[in-house]
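Understanding the architecture of this molecule
Read off the chains here:
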Amino acid sequence: MDFNYSPAETEFRLSLRAWLADALPKGWGETVFLPSDEHEQAMFRLDWERKLYAGGWAGINWPKEYGGRGATLIERGIFAEEMARARAPEPINVIGHNLTGTTILAHGTEAQKKRFLPKILSTEEVWCQGFSEPNAGSDLASVRTRAELKGDKFIVNGQKIWTSFGQYSQWCFALVRTNPNVPKHKGLSFLLIDMKSPGITLRPLRQISGEYEFNETFFDNVEVPAENIVGDIDGGWKIAMTTLTYERGPEDALGRQIRFKQELDQLLRTLVRHQRGAGHAIDEPAVRQKLAKSIAEIEIVRLNALRSFSKLESGGDRGADASMTKLYWSHAAQNMYEVAMDALGPIAPLSGSDPQAAALGKFQMSWFQSKAFTIYSGSSEIQRNIIGERVLGLPR
Amino acid sequence: MNFAFDEEQVSLGDTVARLLADHPALVGPDLDQAAPTVWQALAELGLFMLLVPEEQGGAGLAPIDLTLAVEALGGSLAPAGVIATLLATDLIVQHGTPAQRDTLLPQIAGGDLRFAVALYEADRDFDPATLGAAVDGGVLNASKIAVADAAAAQMLLVIARGRDGMGCYLVPADVAGVTITPHEDIDPTAGLCAVRFDGVKLDESALLGAPGLAIARLIDTAASLHAALLTGIASRMLDTAIEYAKTREQFGQPIGSFQALKHRCADMAVSLDSARSATYYAVWAASENASDRARAASMAKAYAGDVARQICNEAIQLHGGMGFTWDLALHRFLRRAKVIEHAFGSTAWHNERLLQETLAMLAAEDEAGRAAA
């Protein structure tokens, strides 16, 4: 156990820090912020991802041969810390990086790796995820979107839902039914689908935050080249489980922790300055206890991720541990935004551009958004089943 | 950067756990069953020489090397004097004069010097700065409570205000003016005592380290290692609960198959794992005297305190009526966890300290940012 960094790791940190100071707009996080319009913000974030790529900071621990930096998970941890410190924008192509890329690295053919991985890193191709359906949520294996192999093409028909960033995506990976006559887990395949294919329609879905991040996606006789399958035909469940392990894993958690830490720090700074009575909002004793608990929980999201990295670096398996990671960060963050609302006191309901709203309404927006954390990537109830059965060995 | 224990650290934890398992009275239901040979067995194993530097006949290890061993002490309800002695050892190693080190450390290494820490007072809070104990003209007057294992100790580490601030004083338990009276309390096996110091004469060599500095290290190291005792207790209680959930049947099936219990077990497992992350980091920060030592210590103690409380309560609930029986002995862990929760700062006190440390860190960052601009 040693949290000291090697000279090479420190060099990595310092060169990243210097690059960030140059790359972010002047006054970033102090006087200059993300655009408030949802679409403009998405464009800004995509632009930021291209900048990271151009600077050599995309795919930190991906192999060099596919455009990555070939660094260690420890350096990936440093990357996250520095992004938090610089208050850097969150990427949009997280699904491409954390899910498509990792799944193709684990199960894709050499041709698929060469074709898809570099364009994820360069943000030429943004990805979305086609797993959930209106009738297949927690019971994911019951997906009904049908893919029939005809000649050298799959013909795909059906509907996916909660397709985040579908409107910005060039590609989608989807779990589809290739065989309806076998037990439900055994008739699924994992396809890579070009979103420009004729027959795909997106319908935006509005979220409780008022935003339109996710969509319904309809497939009407969509043709997908047969070589765009990952793994075997009818062998898609295993591939999807790999995807989910990464979706719930420590890299994902650490990426999110960057934002939670930034917003918690911003909350504390706001409370220190915000006058209330003869003192400041930070002085409220009941709130101080809750703030401290959130400080601990958000810090522990990071420590848990680093601990998982060390397990993985020494050859440990990815597995049900990922469910523990996801269950923890989602509730920690949700609690934190509730505490933020508590701490803001009388101005808590004021949002958006109201002149009395704190931090341009960021805490209110994040509070709404946080309600999804314990639902997507597998609801907390599903994670608890997995932990109970596969980590603790409790009977089904 | 490596957030994993090495083989020797893991093996030390296993060895201590196995040794303590040979003393089943430690975790038996009754509160008057002593395990008098445990101290000697731990001494023969060499536990007390581990933190002692090589020049005084020890192994020269750091607290982080003992983390898993301390978890084992917690989970086995080892006598409180063991952890007090390890804390005193660390303090003498870090802050002792050459004379104090040469006199005391060899005795400690051999297991011949057992410590108790006299910190709290009935009319003060958890903040050491508020204590009333005072050393004036070389004379100590103090009335301490909840001094764990004091009756078995040869040496008392007393926190009192001296001429130059709050200091740690080494006071032999058998000198004139020291009166040790066992409390009646929720965990008699922790050996909590009231200790009075009436006009106890101290010589120059009694003061350990610089006032202010030594007490700060004691609080941080104690909070971190007490967090490890708590994760040890929580781990043992969770294992017991899961075992029971797998074997106890109701409605024709093991109760662990019901989501109402399975999901709570999952939550407990995640909480425990998270408490361990905070605790292991805090013990490392104390070992290295890292700049965030105090913040890490308070985070670990507060968090592990909450988690141990949750898991002890849930484990009893999951056992149903059996959980409330004396004979199943779950109450032993409940009792000890509550005593440790209130030792070296409560959850609320550490939470407040964590917030203050964090705000100070942010203010320093902002200051550095302004200086750079």
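Residues numbered from 1 in each chain as written. Chains lettered and ligands numbered in written order. Predicted model: local features only at pLDDT ≥ 70, side-chain atom pairs only at ≥ 80, totals over all residues. Heavy atoms only, no water.

1. What to know about the domain arrangement of chain B
Residues and elements named next belong to chain B.
- Under the domain assignment used here, chain B contains domain 1 (1-113), domain 2 (114-210) and domain 3 (213-366).
- On a C-alpha basis, the centroid separation for the pair domain 2 and domain 3 is 27 Å.
- Tallying the contact residues gives 18 residues for domain 2 and 16 residues for domain 3.
- Across the domain 2/domain 3 interface, buried area totals approximately 1400 Å², and carbon plus sulfur atoms make up 73% of it.
- On the domain 2 side of the contact with domain 3, Phe126, Ile186 and Asp187 bury the most area, a combined 35% of that side's loss.
- At the junction of domain 2 and domain 3, the tally comes to one salt bridge.
- For aspartate 187, the salt bridge identified is with arginine 336, shortest N-O distance 2.7 Å.
- Taken together, the connections running from domain 2 to domain 3 amount to seven residue pairs in polar contact (both at pLDDT 80 or more). (Domains from an automatic or database assignment. Contact = heavy atoms within 4.5 Å. Buried area = accessible area lost by both parts, 1.4 Å probe. Salt bridge = Lys/Arg side-chain N within 4 Å of Asp/Glu carboxyl O. Polar contact = N/O pair within 3.5 Å; in protein donor to acceptor, adjacent residues only side chain to side chain.)

2. Overview of the side chain of asparagine 179 of chain A
Residues and elements named next belong to chain A.
- Mapped onto the secondary structure, asparagine 179 falls in the loop between strand 4 (171-177) and strand 5 (188-194).
- The exposure class of asparagine 179 is buried, given its relative accessible area of 18%.
- With residues up to four places along the chain from it excluded, the contact list for asparagine 179 reads Arg146, Gly187 and Asp234. (Helix = DSSP H or I, 4+ residues; strand = E, 2+ residues; numbered from the N terminus. Buried < 20%, exposed > 50% of the residue type's maximum accessible area, 1.4 Å probe, protein only.)

3. A word on the interface of chain A and chain B
- Chain A puts 41 residues into the contact, and the matching count from chain B is 46 residues.
- Of the roughly 4300 Å² buried at the junction of chain A and chain B (both faces included), carbon and sulfur atoms supply 64%.
- Sorting the residues of chain A by area buried against chain B places Met1, Phe3 and Arg307 of chain A first, and these three jointly supply 20% of that buried surface.
- Our count for the contact surface shared by chain A and chain B stands at seven salt bridges.
- One can count 23 residue pairs in polar contact (both at pLDDT 80 or more) joining chain A with chain B.
- Of all the secondary structure elements, the ones that give two or more residues to the side of chain A that touches chain B are helix 7 (250-273), helix 8 (285-313), helix 9 (321-344) and helix 11 (380-391) of chain A.
- In terms of residues, the side of chain A that touches chain B owes the most to one element, helix 8 of chain A, which gives 15 residues.
- Of the residues in the side of chain A that touches chain B, the class split is 21 nonpolar, seven polar and 13 charged. (Nonpolar A, V, L, I, M, F, W, Y, C, P; charged D, E, K, R; others polar.)

4. Considerations on the domain arrangement of chain A
All names here are of chain A.
- Partitioning chain A into domains gives domain 1 (7-91), domain 2 (127-234) and domain 3 (248-391).
- The C-alpha-based centres of domain 1 and domain 2 are spaced at 31 Å.
- Listed per partner, the contact involves five residues of domain 1 and five residues of domain 2.
- For the pair domain 1 and domain 2, the two sides together bury roughly 370 Å², of which 54% comes from carbon and sulfur.

5. A word on the packing of aromatic side chains
All names here are of chain A.
- All told, the structure shown has 25 aromatic pairs over all chains when counted by the stated rule.
- Seen in terms of ring centroids, phenylalanine 116 and tryptophan 171 are 4.9 Å apart; in terms of plane orientation they differ by 80°. Their pairing is edge-to-face. Highlighted residues: phenylalanine 116 in helix 5 (residues 110-121) and tryptophan 171 in strand 4, separated in sequence by 55 residues.
- Judged by relative accessible area, phenylalanine 116 falls into the buried class, the value being 3%.
- Across from the ring centre of tyrosine 5, 4.9 Å away, lies the NZ or CZ of arginine 13, which sits over that ring.
- Cation over ring: arginine 69 sits above tryptophan 57, and NZ or CZ is 4.0 Å from the ring centre. (Phe/Tyr/Trp six-rings, centres within 6.5 Å; stacked < 30°, edge-to-face > 60°. Lys NZ or Arg CZ within 6 Å of the ring centre and 35° of its normal.)

6. Topic: the packing of helix 6 (residues 213-247) of chain B against helix 9 (residues 330-341) of chain B
All names here are of chain B.
- Put simply, helix 6 and helix 9 touch, their axes get as near as 10 Å, and they point 160° apart. In terms of orientation, helix 6 and helix 9 fall into the roughly antiparallel class. The handedness of the crossing between helix 6 and helix 9 is left-handed. Between helix 6 and helix 9, the contacting residues are His226, Leu229, Leu230, Ile233, Arg236, Met237 and Thr240 on the first element and Leu330, Phe333, Arg336, Ala337, Ile340 and Glu341 on the second. (Axes fitted to C-alpha atoms, helices over the stretch in contact; angles between N-to-C directions. Parallel < 35°, antiparallel > 145°, perpendicular 65-115°, else oblique. Left-handed = near helix turned anticlockwise from the far one by under 90°.)

7. Here we look at the pattern of salt bridges
- The full count for this structure, using the stated rule, is 44 salt bridges over all chains.
- For lysine 311 of chain A, the salt bridge is made with aspartate 321 of chain A, and the minimal N-O distance between the two is 3.6 Å. Linking lysine 311 of chain A in helix 8 with aspartate 321 of chain A in helix 9, this pair joins segments that are 10 residues apart in sequence.
- Given a relative accessible area of 31%, aspartate 321 of chain A falls into the partly exposed group.
- Across the pair lysine 338 of chain B and glutamate 341 of chain B runs a salt bridge, and its minimum N-O distance is 3.2 Å. Taken together, the positions of lysine 338 of chain B and glutamate 341 of chain B, both in helix 9 and three residues apart, correspond to about one turn of that helix.
- Here the residues in one salt-bridge network are Arg13, Arg17, Glu81, Glu82, Glu299 and Arg302 of chain A, joined through shared partners.

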